[in-house]
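The primary structure of each chain is shown beneath.
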Amino acid sequence: MTRHLVLGGCGFIGRHLALALARRGDPVVVADIMPPPPELGEAGIEYRAVEPGEPAWEPLIDGCEVIHHYAWTTVPATANDDPLGDLDANLRNTVRLLETLRREGGRRLLFSSSGGTVYGRLTQTPVPETHAFAPITAYGASKAAAEIYMGFYHGCHGLDCRVARISNPFGAGQDPRRKQGAASAFLFQTLAGEEITIWGDGSVVRDYIHIADLVEGLLAVADAPVPTAAAAAMPVYNIGSGVGVSLNGIVDVLRSRLHLDPTVTYLPGRPFDVPVSVLDISRAAVELNWRPRLSFADGCARMLADLRRGQTSFSTLLD
Ligand SMILES: NC(=O)c1ccc[n+]([C@@H]2O[C@H](COP(=O)([O-])OP(=O)(O)OC[C@H]3O[C@@H](n4cnc5c(N)ncnc54)[C@H](O)[C@@H]3O)[C@@H](O)[C@H]2O)c1
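Residue numbers restart at each chain and count upward from 1, following the sequence in its written direction. Selection of residues for local features in this predicted model requires a pLDDT of at least 70, selection of side-chain atom pairs for listing and counting requires 80 or more, and totals for whole chains, interfaces and linings are taken over all residues. Computation of side-chain values covers all heavy atoms of the structure but excludes hydrogens and water.

- In the nomenclature of an unreviewed UniProt entry, the chain is known as UDP-glucose 4-epimerase of Caenispirillum bisanense.
- The Sequence similarities (unreviewed entry) field of the UniProt record for the chain holds the comment "Belongs to the NAD(P)-dependent epimerase/dehydratase family." UniProt positions are given in the numbering used here, feature names are shortened, and annotations may be inferred rather than shown by experiment.

Structure representation (structure tokens):
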């Protein structure tokens, strides 16, 4: 049976993915610089500690055939503040991982790229995978560069590399204090009795995907057969909902569907927030037969229900 390694598997997406792999009966190892949350051990998932800095990847990948790469230290705002730190911790470690995989051979690598940042200001929306790279953040530049390196290892060394360009995931288990994920953050702030802060007039539109749908999409990318044509391009898929929701739209769902009472403060807009970012997910639908199942409002209702069942640290706010 295929053995999977989830790098960054103690984080939001990696943890959900590792649990989904374990649920379907696949052997899973999680490697992270953070200690493991108890739910991983309870699900029978093995844990390997990663040294911060420049980890030796060889012992970590040992015995694993599919490597899921979710290890990343920055979000757009923090990478913009420290582009060199982002480069060292993330891009450099990704290229070190690729070198290790080239030397060791016989592995598959799935990389979590960013559908919201590699394209920059969109000339087409929903945006297809063929849109040019034009990132306007350091985070987007690192993700695009990592993809370009993966294309090199795929094309020149025959490494089985796949890319998922993820939109904006949300759901129980996401850290609402990180500067990423408006849907989770707005719900957290509302439950905590805090004001929601919106930069701009709230018309900024994003593609939000519930974590359950995202994980199914990521598994579809990882499970897809190796392309048969020798010269086949590296598989790259947008994994999002394909539907745009504005920041004001999130607030509306909190009111109308979740029956909450958020208060909102508006601040001046930020230059790095592109007005609209919605992914064209038709390639994944056609080639992988994957489609998200939950609407945005249903996903929000599921997030609240999961929190009520105590699925994350801020569920205590519901007591
Ligand atoms: N959450 C989003 O909105 C979003 C959107 C698009 C892409 N992504 C990408 O998906 C991936 C996972 O995102 P997330 O939201 O789960 O982030 P997260 O911060 O919750 O998880 C990242 C995990 O990686 C770990 N990590 C960092 N450096 C490591 C290293 N060198 N070795 C091992 N582990 C390391 C962290 O400790 C953390 O547990 C990241 O690459 C992120 O850039 C996230």
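## Here's the deal with the overall build of the chain
Thinking step 1. Within the chain, the secondary structure is distributed over eleven helices and 13 strands.
Thinking step 2. Here the chain has a C-alpha radius of gyration of 19 Å; the compact-globule value for 319 residues is 20 Å, and the two agree.
Thinking step 3. The principal-axis extents of the C-alpha atoms in the chain amount to approximately 55 × 45 × 40 Å.
Thinking step 4. Counting all 319 residues of the chain, 54% fall into the buried class. Secondary structure counts use DSSP, requiring at least four H or I residues in a row for a helix and at least two E residues in a row for a strand, with both numbered from the N terminus. To get the radius of gyration, use the C-alpha atoms; to get the globule rule, take the number of residues to the power 0.38 and multiply by 2.2 Å. Here the term buried applies to any residue with accessible area under 20% of the maximum for its type, exposed to any over 50%, and partly exposed to those in between, with areas from a 1.4 Å probe on protein chains only.

## Notes on the site of the ligand
Thinking step 1. Contacts to the ligand come from 23 residues, most closely from I13, D32, Y139, K143 and R178.
Thinking step 2. The definition of a polar contact used here is a pair of N or O atoms within 3.5 Å, where within protein one atom must be able to donate a hydrogen and the other to accept one, and adjacent residues in sequence count solely through side-chain atom pairs. Between the ligand and Y139, the relevant distance is 2.6 Å, taken from an oxygen atom to a side-chain nitrogen or oxygen of the residue.
Thinking step 3. Only the protein chains shown count as cover for residues, and the accessible areas themselves come from Shrake-Rupley with a 1.4 Å probe. Burial of the ligand by the protein amounts to 91% of the accessible area it has alone, namely 830 Å².
Thinking step 4. Breaking the shell around the ligand down by element, the ones donating at least two residues are α1 (12-23), β2 (28-32), β5 (108-114) and α6 (138-157).
Thinking step 5. Taken together, the residues of the shell around the ligand sort by class into 13 nonpolar, seven polar and three charged. When we say a residue is near a molecule or strand, we mean one of its heavy atoms is within 4 Å of it. For this classification, Asp, Glu, Lys and Arg are treated as charged, while Ala, Val, Leu, Ile, Met, Phe, Trp, Tyr, Cys and Pro are nonpolar and the rest, including Gly, are polar.

## Some remarks on helix α8 (residues 211-223)
Thinking step 1. Each residue after the first adds 1.5 Å to the expected span of a helix. If you check α8, its first and last C-alpha atoms are 18 Å apart, about what 13 residues at 1.5 Å a residue would give, namely 18 Å.
Thinking step 2. Across the 13 residues of α8, ten count as buried, placing the element largely inside the fold.

## Section: the packing of aromatic side chains
Thinking step 1. Aromatic rings from Phe, Tyr and Trp, with only the six-membered ring used for Trp, were paired whenever their centres fell within 6.5 Å, and each pair was classed as stacked if the ring planes differed by under 30 degrees, edge-to-face if by over 60, and tilted otherwise. The tally for this structure, following the rule as stated, stands at four aromatic pairs.
Thinking step 2. Arranged with centres 4.9 Å apart and planes meeting at 70°, the rings of F152 and Y153 form a pair that is edge-to-face.
Thinking step 3. On the basis of an interplanar angle of 45° and a centroid distance of 5.5 Å, the ring pair of Y208 and F296 is categorised as tilted. Residue Y208 is found in strand β9 (residues 205-210), and its partner F296 is found in helix α11 (residues 296-308); the two are separated by 88 residues along the sequence. There is no split in this pair, since Y208 and F296 are both buried.
Thinking step 4. The structure contains a cluster of three or more aromatic residues connected by ring pairs, namely F170, Y208 and F296.
Thinking step 5. Comment: the charge-over-ring label is applied if NZ (Lys) or CZ (Arg) is within 6 Å of the ring centre and within 35 degrees of the ring normal. Of note, K143 hangs over the ring of W72, and the distance from its end group to the ring centre comes to 3.6 Å.
Thinking step 6. Above the plane of the ring of W199 lies R270, whose end atom (NZ or CZ) is 4.1 Å from the centre.

## Re the environment of G200
Thinking step 1. Position of G200 relative to the elements: it lies in the loop between β8 (196-199) and β9.
Thinking step 2. Through-space distance from the C-alpha of G200 to that of L267 is 5.8 Å; in sequence the pair is 67 residues apart.
Thinking step 3. Not counting chain neighbours up to four residues away, the residues in contact with G200 comprise Y266, L267, P268 and G269. In what follows, a contact means two residues having at least one pair of non-hydrogen atoms within 4.5 Å.

## Quick word on the sheet that holds β5
Thinking step 1. Overall, parallel pairing links the seven strands, which are arranged β3-β2-β1-β4-β5-β6-β10 in an open sheet. At either end of the open sheet lies a strand with only one pairing partner, and these are β3 (46-49) and β10 (236-239). Strand-to-strand twist in this sheet, taken as the mean axis angle between neighbours without regard to direction, amounts to 20°.
Thinking step 2. Of the strand pairs in this sheet, β2 and β3 are connected by four bridges, and their pairing is parallel. Counterpart to V30 in the pairing with β3 is Y47.
Thinking step 3. Where α6 meets the sheet, its contacts fall on β5, β6 (160-166) and β10, and the angle it forms with β5 comes to roughly 155°. In this analysis, strands are considered paired if DSSP registers two or more bridges between them. Comment: axis = line fitted to C-alpha atoms, over the contacting stretch for helices; angle = value between 0 and 180 degrees taken between N-to-C directions.

## Considerations on the packing of helix α7 (residues 182-191) against helix α9 (residues 247-256)
Thinking step 1. Two elements in contact, α7 and α9, have axes whose closest approach is 10 Å; the angle formed by their N-to-C orientations is 45°. One element, α7, and the other, α9, form an angle in the oblique class. Every pair of crossing elements has a handedness; the one defined by α7 and α9 is right-handed. Between α7, through A182, A183, F186, L187 and T190, and α9, the contact on the second element is made entirely by L247, I250, V251 and L254.
Thinking step 2. Residues belonging to the contact of α7 with α9 are distributed by class as follows: eight nonpolar, one polar and no charged. Each angle receives one of four descriptions, namely roughly parallel if under 35 degrees, roughly antiparallel if over 145, roughly perpendicular if within 65 to 115, and oblique otherwise. Two helices crossing with the near one rotated counterclockwise from the far one by less than a right angle form a left-handed crossing, whereas a clockwise rotation gives a right-handed crossing.

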